[in-house]
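Listed below are the residues making up each chain.
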Amino acid sequence: MIRSVVRGFGAALPKRVMTNRDIEDVVDTSDEWIVQRTGIRQRYVAGDDETTSSLGAAAARAALENAGLTPADIDLIICATSTPDNTFPATAVSIQNRLGMTHGFAFDVQAVCTGFVYAVTTADAYIRGGLAKRVLVIGAETFSRILDWNDRTTCVLFGDGAGALVLEASEGEGTTADRGVLTAHLRSDGSHKDKLYVDGGPSTTGTVGKLRMEGREVFKYAVGMITDVVVAAFEATGTTADDLDWLVPHQANRRIIEGSAKKLNIPVEKVVITVDLHGNTSAASIPLALATAAGDGRIKKGDLVMLEAMGGGFTWGAVLLRW
Ligand SMILES: CC(C)(COP(=O)(O)OP(=O)(O)OC[C@H]1O[C@@H](n2cnc3c(N)ncnc32)[C@H](O)[C@@H]1OP(=O)(O)O)[C@@H](O)C(=O)NCCC(=O)NCCS
């Protein structure tokens, strides 16, 4: 059977680092409050010359180099983002252009913080369906542009960045020993749409809008939704937490990450945590974490890796893959 195997990974961050101390100059907050409630110590913020597509293209180039490939080898680009350069065309098409590609096809996926899990699942379906052989899957965001920098309950949490994987069609045996995506589980429930949203858009206000969130409400649902899809992925493959080498969660909040891991009986040593470095970069957070942990040698070829995320919508999902 055809499997979608990770052939390369890459990441890109804006030049400017903004520490919690820097944010103390912007809103009434403190390093202590932010670290204690979220685990975040710093985040990266895009400058005027940096956009979602410039960061996404830089991450894509890094992933291609890591894979030993060029844009000519890619037939599909999927970009997960909620902060596109423009309402249209898709940011994936802008990235395609930045890579000098005029062949293949490109489109965006929008599932907020679950975007990368949705994008990997979509890429896997295209690969297994025979519609694409090599896919650049990118998560790229500039959430700093949609933050209300007067709202301390939200602006301290988010950051900018991008990460990418190259997924490649490869023949597998159909067992969990195969490398590649083994199972994917996606969910959404729009009855929660007003708990985490942007208060603008082309068809409503005609403006971009700002991020609004009921933080406590999001927190309340997060652990249950995450464990639901991770357990579904274990059950679908007959694997357990003991088989797992790495949990690579969406990086929203250290307390949510550790609470989910505990409920799933996954020791914290097996969890990749980068929220301290990047803040919540929405769809970019999982590929940034993957690039960090694969780059420093923690995630190795053949490791069993669980990706999971929950975010606006609500949307949530998990992908189990063998690296
Ligand atoms: C946002 C979050 C960190 C807030 O933590 P919390 O413990 O729920 O804090 P509360 O909202 O209850 O606020 C507690 C107090 O801190 C204050 N506070 C809020 N933001 C603050 C900040 N940045 N600095 C200092 N104080 C702050 C509140 O005003 C409140 O003060 P009060 O008690 O005087 O009214 C937490 O709810 C959370 O992580 N939610 C999930 C958010 C998330 O991850 N979203 C993305 C999902 S993809």
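Residues numbered from 1 in each chain as written. Predicted model: local features only at pLDDT ≥ 70, side-chain atom pairs only at ≥ 80, totals over all residues. Heavy atoms only, no water.

1. Brief notes about the site of the ligand
Part 1 of the argument: Within the structure, the ligand sits among 22 residues, and Thr29, Arg37, Arg152, Arg216 and Asn253 are positioned closest to it.
Part 2 of the argument: Contact distances for the ligand include 2.9 Å between a nitrogen atom and a backbone N or O atom of glycine 215.
Part 3 of the argument: At 2.6 Å from an oxygen atom of the ligand is found a side-chain nitrogen or oxygen belonging to asparagine 253.
Part 4 of the argument: Burial of the ligand by the surrounding chains reaches 74%, relative to a free accessible area of 960 Å².
Part 5 of the argument: According to the grid-proximity analysis, the pocket containing the ligand is the second largest pocket.
Part 6 of the argument: Secondary structure elements with two or more residues in the shell around the ligand: helix H2 (31–38), helix H6 (152–155), helix H7 (215–237), helix H8 (254–263) and strand S12 (304–311).
Part 7 of the argument: Sorting elements by how many residues they give to the shell around the ligand places H7 first, with four residues.
Part 8 of the argument: Considered class by class, the residues forming the shell around the ligand number nine nonpolar, eight polar and five charged.
Part 9 of the argument: Both of domain 1 (2–171) and domain 2 (180–322) provide at least three residues apiece to the shell around the ligand. (Near = heavy atom within 4 Å. Polar contact = N/O pair within 3.5 Å; in protein donor to acceptor, adjacent residues only side chain to side chain. Areas by Shrake-Rupley, 256 points an atom, 1.4 Å probe, with all protein chains shown as cover. 1 Å grid on protein atoms, 1.4 Å probe; cavity = no way out; pocket = protein on both sides within 12 Å on 5 of 7 lines; lining within 4 Å. Sits in = over half its atoms within 2 Å of the grid points. Helix = DSSP H or I, 4+ residues; strand = E, 2+ residues; numbered from the N terminus. Nonpolar A, V, L, I, M, F, W, Y, C, P; charged D, E, K, R; others polar. Domains from an automatic or database assignment.)

2. Topic: the pairing of strand S6 (residues 134–142)
Part 1 of the argument: Of all the nine residues making up S6, eight are buried; the element is thus mostly covered by neighbouring parts of the structure.
Part 2 of the argument: Looking at chain direction, strand S4 (residues 76–80) and S6 are connected through five bridges and run parallel. Bridging from a neighbouring strand, cysteine 79 pairs with isoleucine 138 of S6.
Part 3 of the argument: Direction of pairing for S6 relative to strand S7 (residues 160–171): antiparallel, over a ladder of nine bridges. Paired with glycine 139 across the strands is glycine 163, a residue of S7. (Buried < 20%, exposed > 50% of the residue type's maximum accessible area, 1.4 Å probe, protein only. Pairing = 2+ DSSP bridges.)

3. Let's talk about the sheet that holds strand S13 (residues 315–322)
Part 1 of the argument: Judged by pairing direction, the sheet is mixed, and its four strands sit side by side in the order S8-S13-S12-S11 without closing on themselves. If you trace the sheet from one side to the other, it starts and ends with strand S8 (180–188) and strand S11 (246–249), each paired once. Taking the axes of each pair of neighbouring strands and ignoring which way they run, one obtains an average angle of 15° across the sheet.
Part 2 of the argument: Here S12 pairs with S13 via eight bridges, running antiparallel. Within S13, the position partnered with methionine 306 by the bridge is leucine 320. (Axes fitted to C-alpha atoms, helices over the stretch in contact; angles between N-to-C directions.)

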